[in-house]
Amino acid sequence: MTILDQMKLFLEPKSIAAVGVSRQTGPDAYNLLENLLCYGYEGRIYPVNPNAAEILGVRTYSSVAVIPEIADVALVSLPRHLVLQVVRDCIQKGIKAIVVITQGFADADDDEGKRMQREMVDMAKQAGTRILGPNTFGVANARLKMSTSYIRIPMEVNGIGTISQTGGTFVGLTT
């Protein structure tokens, strides 16, 4: 798989595994699934939450392993101590693009976070998997009505694209 093919998995996913989807909904819930549904994303969405059979009318899965296909991208929004195992599960499933939304890795002020991020990077390199994050809003594609962010942003198709290293781009879109 070329780098361009891998980048397309992030930017033009036909299927998304959303790991750590909350059962809480509403304006302050920061629910990835709710955002994707509100945008009108037309790809396949596989919410993963072992404590719910469905969320917002969408069947949920107990783990990445039981999703019926290899999703193009996995969104990981879980407490830090659960992330490495989920990344490992995604790699074992064959998912080649992972967005780790969770913070508290190299961005944290502790050695454990830095160690965990190094382990995550090593796993990804060994498997030929790309990881965006941790501590990221991820990507948005207005044409596909898709954003990997846990915050809701206004999007309209207008022929303009932006690539940025900072979440400030997302925040700037909401003002």
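Model, not experiment: these values are computed from the prediction.

What counts and how
- Residues numbered from 1 in each chain as written.
- Predicted model: local features only at pLDDT ≥ 70, side-chain atom pairs only at ≥ 80, totals over all residues.
- Heavy atoms only, no water.
- Helix = DSSP H or I, 4+ residues; strand = E, 2+ residues; numbered from the N terminus.
- Rg over C-alpha atoms; globule rule 2.2 N^0.38 Å.
- Buried < 20%, exposed > 50% of the residue type's maximum accessible area, 1.4 Å probe, protein only.
- Contact = heavy atoms within 4.5 Å.
- Areas by Shrake-Rupley, 256 points an atom, 1.4 Å probe, with all protein chains shown as cover.
- Phe/Tyr/Trp six-rings, centres within 6.5 Å; stacked < 30°, edge-to-face > 60°.
- Polar contact = N/O pair within 3.5 Å; in protein donor to acceptor, adjacent residues only side chain to side chain.
- Pairing = 2+ DSSP bridges.
- Axes fitted to C-alpha atoms, helices over the stretch in contact; angles between N-to-C directions.
- Salt bridge = Lys/Arg side-chain N within 4 Å of Asp/Glu carboxyl O.
- Right-handed = clockwise from strand over helix to strand, strands pointing away.

## Things to note about the overall build of the chain
Now for step 1: Along the backbone of the chain there are five helices and nine strands.
Now for step 2: Reading the chain from its N end, one meets helices and strands in the order α-β-α-β-β-β-β-α-β-α-β-β-β-α.
Now for step 3: Taking 175 residues into account, the globule formula puts the C-alpha radius of gyration at 16 Å, and the chain, at 15 Å, falls close to it.
Now for step 4: Overall size of the chain, expressed as C-alpha extent along the three principal axes, is 40 × 35 × 35 Å.
Now for step 5: By the burial criterion, 42% of the 175 residues in the chain qualify as buried.
Now for step 6: For the chain, the share of sequence-separated contacts (at least 6 apart) that also reach a separation of at least 24 residues comes to 64%.
Now for step 7: Of the accessible surface of the chain, which amounts to about 9,500 Å², a share of 51% is contributed by carbon and sulfur atoms.

## Side note on the packing of aromatic side chains
Now for step 1: Evaluation of the coordinates by the stated rule reveals three aromatic pairs.
Now for step 2: Look at Tyr 46 and Tyr 61: their rings are 5.7 Å apart centre to centre, the planes differ by 70 degrees, and that puts the pair in the edge-to-face class. With Tyr 46 in strand S2 (residues 44–48) and Tyr 61 in the loop between strand S4 (58–59) and strand S5 (73–76), this residue pair connects regions lying 15 residues apart in the sequence. Here Tyr 46 and Tyr 61 have matching classes, each one buried.
Now for step 3: Judged by centre distance (5.5 Å) and plane angle (50 degrees), the rings of Phe 137 and Tyr 150 are tilted.

## A closer look at the side chain of Thr 148
Now for step 1: Structurally, the position occupied by Thr 148 is in the loop between strand S9 (146–147) and helix H5 (168–173).
Now for step 2: Here Phe 137 takes part through its backbone oxygen, which lies 3.1 Å from a polar atom of the side chain of Thr 148.
Now for step 3: One polar contact links the side chain of Thr 148 to the main-chain amide nitrogen of Val 139, over a distance of 2.8 Å.
Now for step 4: With near-sequence residues (within four places) excluded, Thr 148 lies in contact with Leu 32, Leu 75, Val 99, Ile 101, Phe 137, Gly 138 and Val 139.

## Description of the side chain of Thr 102
Now for step 1: Relative to the helices and strands, Thr 102 is located in the loop between strand S6 (97–100) and helix H4 (111–127).
Now for step 2: Residue Thr 102 is classed as buried on the basis of its relative accessible area of 10%.
Now for step 3: There is a polar contact of 2.7 Å between the side chain of Thr 102 and the backbone oxygen of Leu 78.

## Structural notes on the sheet that holds S6
Now for step 1: With respect to topology, five strands assemble into an open sheet ordered S2-S1-S5-S6-S7, the strand pairing being parallel. Each end of this open sheet is capped by a strand with a single partner; those strands are S2 and strand S7 (130–132). Strand-to-strand twist across the sheet, computed as the mean angle between neighbouring axes with direction ignored, equals 20 degrees.
Now for step 2: Pairing geometry for strand S1 (residues 15–19) and S2, over five bridges, is parallel. Bridge pairing in S2 links Ala 17 to Tyr 46.

## Examining the pattern of salt bridges
Now for step 1: Under the criterion given, the structure shown has seven salt bridges.
Now for step 2: Here Arg 143 makes a salt bridge to Glu 12, at a shortest N to O gap of 3.3 Å. Taken together, the positions of Arg 143 in the loop between strand S8 (140–141) and S9 and Glu 12 in the loop between helix H1 (3–11) and S1 put the pair 131 residues apart, joining distant regions of the chain.
Now for step 3: You can call Arg 143 exposed: its relative accessible area is 53%.

## What to know about the pairing of S1
Now for step 1: Within S1, five of the five residues are buried, which leaves the element mostly enclosed by the surrounding structure.
Now for step 2: Of the two faces of S1, the one lined by Ser 15, Ala 17 and Val 19 and the one lined by Ile 16 and Ala 18 are each fully buried.
Now for step 3: Following the chain from S1 across helix H2 (residues 32–39) to the adjacent parallel S2, one finds a crossover that is right-handed.

None of the figures reported here should be taken as evidence of function without further support.
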